[in-house]
Amino acid sequence: AHAGLAAQFEARTVERAYHALAWGAPATRSGTVEGNIGRSARNRKKMAVVGRGGKKALTRWRLERRIGDAACLLECRLATGRTHQIREHLAHSGMPVIGDRSYGGGLTPSRRRSAGEAVAAAISGMNRHALDAFLLGFEHPVSREMHRYSHDLTKDLKELADLLDQV
């Protein structure tokens, strides 16, 4: 079973989708971010879109909705699966994942002022960034039946989105 699932991941036939609450809002309803990802030259603990080297990475996103004036809810799908791919690609596109201090989505003083204390408290209390895998689909390696598992926006992300909607 493990070998069969690993082969599907390698062949990129596993369906995966993620919800991301991101700062900012795109000008279009959907888009693609393509850029090789490798170790950051400035911080070896981080990944970065690099001009030379790295590994090919492609993220497709779709705007699910704008949230207030400061944020948006995106659905992200990976054509590749690089370390921190969604986080880096969204940050590279000017829409960092909310709460992701490593990739520019932290609560800066200006974001704190514009979003207000209730939002700041909710983000600080999350203890994670606002990114969630909500869909997984694959072919069962033995029965060959298709399986698809999904869930709605998690309670903490929904509560944060509701707070941001009021800003």
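Up top is the structure these notes are about.
Residues numbered from 1 in each chain as written. Predicted model: local features only at pLDDT ≥ 70, side-chain atom pairs only at ≥ 80, totals over all residues. Heavy atoms only, no water.

1. Digging into the overall build of the chain
Logical step 1: The secondary structure content of the chain amounts to 5 helices and 8 strands.
Logical step 2: Each helix (α) and strand (β) of the chain, taken in turn from the N terminus, gives the series α-β-β-β-β-β-β-α-α-α-β-β-α.
Logical step 3: The C-alpha radius of gyration computed for the chain amounts to 17 Å, which stays within 12% of the reference 15 Å derived for 167 residues, consistent with globular compactness.
Logical step 4: Taking the principal axes of its C-alpha atoms as reference, the chain extends roughly 55 × 40 × 30 Å.
Logical step 5: Relative to its full complement of 167 residues, the chain shows a buried share of 40%.
Logical step 6: Accessible surface, the chain: about 9400 Å² in total, of which carbon and sulfur atoms supply 49%.
Logical step 7: In the chain, which carries 27 positive and 17 negative side-chain charges, the distance between the mean positions of the two groups comes to 9 Å. (Helix = DSSP H or I, 4+ residues; strand = E, 2+ residues; numbered from the N terminus. Rg over C-alpha atoms; globule rule 2.2 N^0.38 Å. Buried < 20%, exposed > 50% of the residue type's maximum accessible area, 1.4 Å probe, protein only. Areas by Shrake-Rupley, 256 points an atom, 1.4 Å probe, with all protein chains shown as cover. Lys, Arg positive; Asp, Glu negative; His and termini not counted. Charge placed at Lys NZ, Arg CZ, Asp CG, Glu CD.)

2. Concerning the packing of helix α4 (residues 117-126) against helix α5 (residues 155-165)
Logical step 1: Running from N to C, α4 and α5 point in directions that differ by 160 degrees, and their axes come no closer than 9 Å. Classified by the angle their axes make, α4 and α5 are roughly antiparallel. Between α4 and α5 lies a crossing whose hand is left-handed. Facing α4, whose interface residues are Ala118, Val119, Ala122, Ile123 and Met126, α5 presents Asp156, Leu157, Leu160, Leu163 and Leu164.
Logical step 2: Of the residues assigned to the contact of α4 with α5, the class counts are 9 nonpolar, no polar and 1 charged. (Axes fitted to C-alpha atoms, helices over the stretch in contact; angles between N-to-C directions. Parallel < 35°, antiparallel > 145°, perpendicular 65-115°, else oblique. Left-handed = near helix turned anticlockwise from the far one by under 90°. Contact = heavy atoms within 4.5 Å. Nonpolar A, V, L, I, M, F, W, Y, C, P; charged D, E, K, R; others polar.)

3. Details of the sheet that holds strand β7 (residues 131-139)
Logical step 1: Read from one edge to the other, the open sheet built from 6 strands follows the order β2-β5-β6-β1-β7-β8, with strand pairing classed as antiparallel. Strands with a single pairing partner mark the edges of an open sheet, and in this sheet they are β2 (30-34) and β8 (146-150). Each strand axis lies, on average, 20 degrees off the axis of its neighbour in the sheet, ignoring direction.
Logical step 2: Of the pairings in the sheet, the one linking strand β1 (residues 15-23) to β7 comprises 6 bridges and is antiparallel in character. Bridging from a neighbouring strand, Tyr18 pairs with Ala133 of β7. (Pairing = 2+ DSSP bridges.)

4. Points about the pairing of β7
Logical step 1: The sheet contact formed by β7 and β8 spans 5 bridges and is antiparallel. Each residue of the ladder has a partner; that of Leu135, found in β8, is Ser150.
Logical step 2: Here β7 hands over to β8 after 6 residues, with Arg144 in that stretch at a positive phi of 70 degrees.

5. Notes on the side chain of Thr59
Logical step 1: The residue Thr59 is located in strand β5 (residues 58-67) in this model.
Logical step 2: A distance of 2.9 Å separates a polar atom in the side chain of Thr59 from a polar atom in the side chain of Gln85. (Polar contact = N/O pair within 3.5 Å; in protein donor to acceptor, adjacent residues only side chain to side chain.)

Just distances and angles here, no functional claims.
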